[in-house]
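# Coordinate analysis (summary)
These are the residues of each chain, in order.
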Amino acid sequence: MTKEAATATDAATAQAPGRINIIGEHTDYNDGFVLPAAIGHKMTVQARRNGTPSTVHLTARATQQSFSFDLRDFSPVEKGWPNYVMGVVSELQKLGGVISGFDAEFESDVPIGSGMSSSAALECSFALALNELFGLGFDQWQLIKASQRAEHNFVGNKCGIMDQFAGVMGKKDHVMLLDCRSLDFQYFPLELGAYQLLLLNTNVSHSLASSEYNTRRAECEQGVHILQQEYPGIANLRDVNLKQIAAMEEQLPEHVFRRCRHVVSENQRVLDATKALLAGDFNAVGELMYQSHFSLQNDYEVSCPELDFLVQQTLDKDYVLGSRMMGGGFGGCTISIVEKERVAELVEEVSSVYSRHFGIDLTPVEVVIGDGAKVIRQ
Ligand code: GLA
C-alpha cells in the first residue's frame, strides 16, 4: 500500500462511530462473513501538537481522567483506556509514522461494554486524528488494521477485523457484507419498511468477556488443526461445510465440535440473511437472527442469562421478527427487528419484567445507521 500525499497540521479533530451487526458473530477471526453497519453514536477526539518532542497528555472528558506517557518508552498499563490509545500510537510508529508530543481529549456517546464497539471507536478515532495531525498519509485499510493490532498487542484482545472495518468504512443507511478473508465488501441499503432495529442494553458486562474471547479463538484453531488431518487443504473454518464437520464429530472434542458448528452455520446464515434482506423478506432475516442467537448461546457459549432472557421475551411477540445477542457476548445488547409502531410497547413490557427478574434497569437504544470515521476539517 502506498502513502497518500499528506500534510501535517497543528490540531486535528476526528470522529469514529460504534457499530451494530445484523448477523455474523465470531465469524470474522475465522475468515468468515459479517453484516455490520456504523451507527450515529460516536467517539470524538481533539488532538493538538504540544511542542514537546515526546510527551503525550490524554484526557477523557467525561471522567476528567488523565494519562501521560513518553513516546520514546511506553508499554501497556494493567488495564483501561490508555492501552487503546498507546496501542494505536505504537502501531502507527511500527508502520513508520513519525509522531511527536501531543495533547488529546476525547468523549463518546457509545455505551461502554454494550457490544456496540466503543473500543474500536476509540482506536479508529485516534488513528484518524494522528494520521491527520502528523500528516502520516496512511490509507483507510492501514488505519483499520493498525487499530485492530493495537487491540491485539496493547489490550490483549485477539479481536477480528469487523469493528474497526465498520467504524471506518460505514455508510449512512447501509449495511456492509464483508468477506473477512479477501476483505472485499459490498454496501446494501438497509430498508426495513414497517420495521426498525432496536437495541436493548442489558447493562451487564461480565468479566469473562475478554478471556473467553481469546479462548474461543484458540478453540477454533484447535478445531481447524484436527480437521486438517482429514481435510489437508483447509486453512480455517471458512473452508469447511457442516457435513464435513459432522463427519469429524468423533475426532473433535465435544465443545470444539460445537464451536466449529457455530462458525460454519453462522457463515451460511450471514449469506442467507443478506439475500433475504435484499428480497425484502424480513421474516426470514428475523428467523436467521433467532437461529444465530441459539447457536451463540448453546454451541459457542458466549451468551449470558440476561441476554437469553431478553431474546426469550420476544419469542411470543409476532411484532418482533428476530432478536439475538450482538457483539462478543457475556453482556451488552440484543439487536431486534421490531414493528415500528410497537417499539414503545415492547420496551415498556420487557423493561418491567427485566428489572423485576434481575434488579437491573434495561436501556433501549435506537440507532441510526451512519457514516464511518472522518476527520473534521477546521
Ligand atoms: C468483538 C470483536 C469482533 C468480533 C465480535 C464477535 O466485537 O471485536 O472482532 O469478533 O466480537 O462477532
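The structure contained in this document is the topic of the report that follows. Values in this document were obtained by computation on a predicted structure and should not be read as measured data. (Residues numbered from 1 in each chain as written. Predicted model: local features only at pLDDT ≥ 70, side-chain atom pairs only at ≥ 80, totals over all residues. Heavy atoms only, no water.)

### Some remarks on the overall build of the protein
Operational definition: Comment: elements are numbered from the N terminus, with helices defined as DSSP H or I runs of at least four residues and strands as E runs of at least two. Only C-alpha atoms enter the radius of gyration; for comparison, a globular chain is expected to reach 2.2 Å times N to the power 0.38, where N is the number of residues. Burial classes: relative accessible area under 20% of the type maximum marks a residue as buried, over 50% as exposed, and values in between as partly exposed (1.4 Å probe, protein chains only). What makes two residues a contact is simply this: any of their non-hydrogen atoms within 4.5 Å. Here the open area of atoms and residues is found with the Shrake-Rupley method and a 1.4 Å probe, where only the protein chains shown may cover a residue. When charges are counted, Lys and Arg contribute as positive and Asp and Glu as negative, whereas His and the chain ends are disregarded. Charge positions come from single atoms, namely NZ of Lys, CZ of Arg, CG of Asp or CD of Glu.
Looking only at helices and strands, the protein has 10 helices and 13 strands in total. For 378 residues, the compact-globule formula gives about 21 Å, and the C-alpha radius of gyration of the protein, at 21 Å, lands near that figure. Here the protein, with 378 residues, has 58% of them falling under the buried criterion. A fraction of 73% describes how many contacts in the protein between residues 6 or more apart in sequence connect residues 24 or more apart. Total accessible area computed for the protein in this model is approximately 15,700 Å², and 48% of it derives from carbon and sulfur atoms. For the protein, the separation between the mean place of its 31 positive charges and that of its 48 negative charges on side chains is 4 Å.

### Observations regarding helix H3 (residues 140-155)
This is how it is decided: The span you would expect from a helix comes to 1.5 Å times its residue count less one. For the purposes of these results, a polar contact is taken to be a pair of N or O atoms within 3.5 Å, where, inside protein, one atom must be able to donate a hydrogen and its partner to accept one; residues adjacent in sequence count only when each atom of the pair is a side-chain atom.
Between its first and last C-alpha atoms H3 spans 22 Å; for 16 residues at 1.5 Å apiece the expected length is 22 Å, and the two agree. Within the span of H3, buried status applies to Trp141, Gln142, Leu143, Ile144, Ala146, Ser147, Gln148, Ala150, Glu151, His152 and Phe154. Structurally, H3 contributes buried residues whose contacts are with helix H1 (82-94), helix H2 (118-133), helix H4 (162-169), strand E8 (185-189) and helix H5 (208-230). Its side-chain oxygen 3.1 Å from the backbone nitrogen of tryptophan 141, aspartate 139 forms the N-cap of H3. Looking at the residues trailing H3, positive phi occurs at glycine 156, about 90°.

### Section: the sheet that holds strand E5 (residues 65-70)
Convention followed: In this analysis, strands are considered paired if DSSP registers two or more bridges between them. Structural elements are reduced to axes, namely lines fitted to C-alpha atoms, with helices fitted over the stretch in contact, and the angle between N-to-C directions of any two is expressed from 0 to 180 degrees.
Taken in spatial order, the 6 strands make up an open sheet running E5-E4-E6-E3-E1-E13, and their pairing is mixed. The open sheet terminates on both sides in strands that have one partner only, identified here as E5 and strand E13 (374-376). When strand polarity is set aside, the average angle formed by the axes of neighbouring strands in this sheet is 25°. Two elements, strand E1 (residues 11-21) and strand E3 (residues 36-49), share 10 bridges in a ladder whose sense is antiparallel. Looking across to E3, one finds that alanine 14 is bridged to valine 45. Strand contacts of H2: E1, E3, strand E4 (55-60), strand E6 (102-108) and E13, with the helix running at about 150° to E1, the strand carrying the most contacts. Those strands touched by H4 are E1 and E3, and its axis lies near 120° from that of E1.

### Quick look at the state of the cysteines
Spelled out, the test is: For the purposes of this analysis, a disulfide is any pair of cysteine sulfur atoms at a distance within 2.5 Å.
Inspection of the entire model under this criterion finds 0 disulfides. Cysteine 260 provides the cysteine sulfur closest to cysteine 220, a residue in no disulfide bond, and the two sulfurs are 6.1 Å apart. In this structure cysteine 220 comes out as buried when scored by relative accessible area, which is 1%.

### As for the environment of isoleucine 245
With respect to the helices and strands, the residue isoleucine 245 is situated in helix H6 (residues 242-247). Isoleucine 245 sits in the buried class, given a relative accessible area of 1%. With 117 residues separating them in the primary sequence, isoleucine 245 and leucine 362 have C-alpha atoms 39 Å apart. If sequence neighbours within four positions are ignored, isoleucine 245 has contacts with Leu227, Val240, Leu252, Phe257, Cys260, Arg261 and Val264.

### Section: the site of the ligand
Quick note on the threshold: Throughout this document, a residue counts as near a molecule or strand when at least one of its heavy atoms sits within 4 Å of that molecule or strand. Residues are grouped as follows: Ala, Val, Leu, Ile, Met, Phe, Trp, Tyr, Cys and Pro are nonpolar; Asp, Glu, Lys and Arg are charged; every other residue, Gly included, is polar.
Arg19, Glu25, His26, Asp28, Tyr29, Cys159, Gly160, Met162, Asp163, Tyr213, Gly327 and Gly328 make up every residue found near the ligand. Here an oxygen atom of the ligand sits 2.5 Å away from a polar atom, N or O, in the side chain of aspartate 28. The residue makeup of the shell around the ligand, split by class, is 4 nonpolar, 4 polar and 4 charged.

### As for the pattern of salt bridges
Put simply, the rule is: By definition here, a salt bridge exists when the distance from a side-chain nitrogen of Lys or Arg to a carboxyl oxygen of Asp or Glu is within 4 Å.
Throughout the structure, instances matching the rule amount to 23 salt bridges. For arginine 258, the salt bridge is made with glutamate 254, and the minimal N-O distance between the two is 2.9 Å. Taken together, the residues arginine 258 and glutamate 254, both in helix H7 (residues 254-278) and 4 residues apart, mark about one turn of the helix. Judged by its relative accessible area of 14%, arginine 258 falls in the buried class. We classify glutamate 254 as exposed; its relative accessible area is 51%. Across the salt bridge formed by aspartate 299 and arginine 261, the nearest N and O atoms sit 2.8 Å from each other. Separated by 38 residues along the polypeptide, aspartate 299 in helix H8 (residues 282-299) and arginine 261 in helix H7 bring together distant segments of the chain. Counted as one network, the salt bridges with shared partners bring together Glu212, Arg216, Glu219, Glu254, Arg258, Arg259 and Glu301.

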